Amino acid sequence: MKDKDLDGMTFEDIARGIESMDIRGAAFIARAAALAIAKHVENFQGEGIDQFEDWVDKGKERLISTRPTAVSLENALRYVLKPGDDVESWKTSIEMRADEFIKRSHEAGKKIAEYGGKRIKDGDTVLTHCNSSLALGAVEYAFDQGKDVKVIATESRPKKQGYITVRYLAEKDIPVTLIVDSAVRYMIREVDQVYTGADTIASNGAVINKIGTSQIALCANEARVPFTVCAETYKFSQGTAFGELVTIEERDPSEIVDPADVRGVRIRNPVFDATPADYVDSIITEEGVIPPSSAYRILKEMFDY
Ligand code: RI2
């Protein structure tokens, strides 16, 4: 699903779409949440600032409940919902700031594609995991620069977002090889760089991303292959700077296997993991290429504390 598909959707359609992962990817769900809360606010039928505040809070809580790990969604709502003095000025501000956030998200993606693409050398084979619009943007930028770039993409069980990646790259005539997640350590010898996206960056530089990312980082570190993360600053988590832990979403076990096929067996489906900063070489943001140790500075500048 693309951004333009959201226009005809209602607030609840978008919330359900994020929950079901028809709308997915940390950047896309942030833009979708910004648009959804603006739609929600347009539907306010009450009277006065108190009823309006309750209405806004209900919409915010509904959206935050859809995907608990990606701080991008929460940060998008924090940006859009900057409080106003009265109902009309607050409604206008929400609608304007939602448009601004969406525009800035796309602009950030273009900058990250450029900064990340320049760091991909002619002849590089890049390994990707899951389906990150930012990591793919960097690969596409390098390809459009005329570089000979190849991709090895993991399947990314259980939802197999890697198939979105390989189909996208094949359509662009970018050479791509699909592998199962467990083939990474075997294939790493053919890899020059690993590029992933991120759902959340913690204040200590740890990267929360699709399950399996931390194992890939281990393999890359062992093979001395640079591990690069592409993430906008709105994926940095202020809460982690003050002791909050990132919630690792566990989804329905039926995404892995039909429980009837493995009776009496417990199934767990954590869909994100945390990669320690020590295993991350660079984080490419729209503010520039930073070491993971600069995550706290980014947060300080963003939230001015
Ligand atoms: P972009 C996705 O989560 C993947 O974990 C991906 O790496 C991350 O969001 C960032 O995606 P999911 O929505 O923002 O597939 O780089 O669970 O597109």
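Residues numbered from 1 in each chain as written. Predicted model: local features only at pLDDT ≥ 70, side-chain atom pairs only at ≥ 80, totals over all residues. Heavy atoms only, no water.

Engineer: Would you mind going over the overall build of the protein chain in detail, with residue names and values included?
Structural biologist: Secondary structure assignment for the protein chain yields 11 helices and 10 strands. The C-alpha atoms of the protein chain give 20 Å as radius of gyration, which agrees with the globular expectation for 305 residues (19 Å, within 12%). Each of the three principal axes of the protein chain carries a C-alpha extent, and together these read 65 × 50 × 40 Å. Here the protein chain holds 305 residues, and 53% of them are scored as buried. For the protein chain, contacts bridging at least 24 residues in sequence account for 75% of all contacts bridging at least 6. As displayed, the protein chain offers around 14,400 Å² of accessible surface, 48% of which is attributable to carbon and sulfur atoms. In the protein chain, which carries 39 positive and 51 negative side-chain charges, the distance between the mean positions of the two groups comes to 4 Å. (Helix = DSSP H or I, 4+ residues; strand = E, 2+ residues; numbered from the N terminus. Rg over C-alpha atoms; globule rule 2.2 N^0.38 Å. Buried < 20%, exposed > 50% of the residue type's maximum accessible area, 1.4 Å probe, protein only. Contact = heavy atoms within 4.5 Å. Areas by Shrake-Rupley, 256 points an atom, 1.4 Å probe, with all protein chains shown as cover. Lys, Arg positive; Asp, Glu negative; His and termini not counted. Charge placed at Lys NZ, Arg CZ, Asp CG, Glu CD.)

Engineer: If you had to explain the pattern of salt bridges to someone new, which residues and values would you point to?
Structural biologist: Throughout the structure, instances matching the rule amount to 19 salt bridges. The shortest N-O distance in the salt bridge between glutamate 12 and arginine 62 comes to 2.8 Å. Of the two residues, glutamate 12 sits in helix α1 (residues 11-20) while arginine 62 sits in helix α3 (residues 48-64), which places them 50 residues apart along the sequence. Since its relative accessible area comes to 25%, glutamate 12 is described here as partly exposed. Taking the shortest distance from any N to any O, the salt bridge between glutamate 107 and lysine 103 comes out at 3.0 Å. Highlighted residues: glutamate 107 and lysine 103, both in helix α5 (residues 87-118), separated by four residues, approximately one helical turn. Residue lysine 103 is classed as exposed on the basis of its relative accessible area, which comes to 53%. (Salt bridge = Lys/Arg side-chain N within 4 Å of Asp/Glu carboxyl O.)

Engineer: Any details on the domain arrangement of the protein chain? Residues and values, ideally.
Structural biologist: Structurally, the protein chain comprises domain 1 (3-110) and domain 2 (112-303). If you average the C-alpha positions of domain 1 and of domain 2, the two centres end up 25 Å apart. Domain 1 puts 21 residues into the contact, and the matching count from domain 2 is 29 residues. Between domain 1 and domain 2, roughly 1,800 Å² of surface is buried when both sides are summed, and carbon and sulfur atoms account for 53% of that area. (Domains from an automatic or database assignment. Buried area = accessible area lost by both parts, 1.4 Å probe.)

Engineer: Can you explain the site of the ligand? Please cite residues and give values.
Structural biologist: Close to the ligand lie 19 residues; Ser132, Ser133, Asn209, Lys210 and Lys235 are nearest. Here leucine 134 contributes a backbone N or O atom positioned 3.5 Å from an oxygen atom of the ligand. With the chains in place, 98% of the 440 Å² that the ligand exposes on its own is no longer accessible. Classifying every residue of the shell around the ligand gives seven nonpolar, seven polar and five charged. (Near = heavy atom within 4 Å. Polar contact = N/O pair within 3.5 Å; in protein donor to acceptor, adjacent residues only side chain to side chain. Nonpolar A, V, L, I, M, F, W, Y, C, P; charged D, E, K, R; others polar.)

Engineer: If you had to explain the sheet that holds strand β6 (residues 207-210) to someone new, which residues and values would you point to?
Structural biologist: Spatially, three strands are ordered β5-β6-β8 in an open sheet, and the strand pairing comes out antiparallel. Here the strands that pair on one side only, and so sit at the sheet edges, are β5 (200-201) and β8 (272-275). Direction of pairing for β5 relative to β6: antiparallel, over a ladder of two bridges. Its bridge partner lying in β6, isoleucine 201 is registered against valine 207. (Pairing = 2+ DSSP bridges.)

Engineer: Go over the environment of aspartate 122 with me, naming the residues and quoting the values.
Structural biologist: Inspection of the secondary structure assignment puts aspartate 122 in the loop between α5 and β1 (125-128). Look at aspartate 122 and you get exposed, because its relative accessible area is 56%. A sequence separation of 107 residues divides aspartate 122 from alanine 15, and the C-alpha atoms of the two residues are 41 Å apart. Here the side chain of aspartate 122 touches aspartate 148 through a polar contact of 2.6 Å, landing on its backbone nitrogen.

Engineer: Which residues make up unusual backbone geometry, and what values do they have?
Structural biologist: Following arginine 157, the chain continues to proline 158 via a peptide bond in cis, the omega torsion being 0 degrees. Among the secondary structure elements, proline 158 is positioned in the loop between β2 (150-154) and α7 (162-171). Residues other than glycine seldom take positive phi values, yet lysine 160 does so here, at roughly 55 degrees. Checked against the element boundaries, lysine 160 lands in the loop between β2 and α7. On the accessibility criterion, lysine 160 (34% relative accessible area) is partly exposed.

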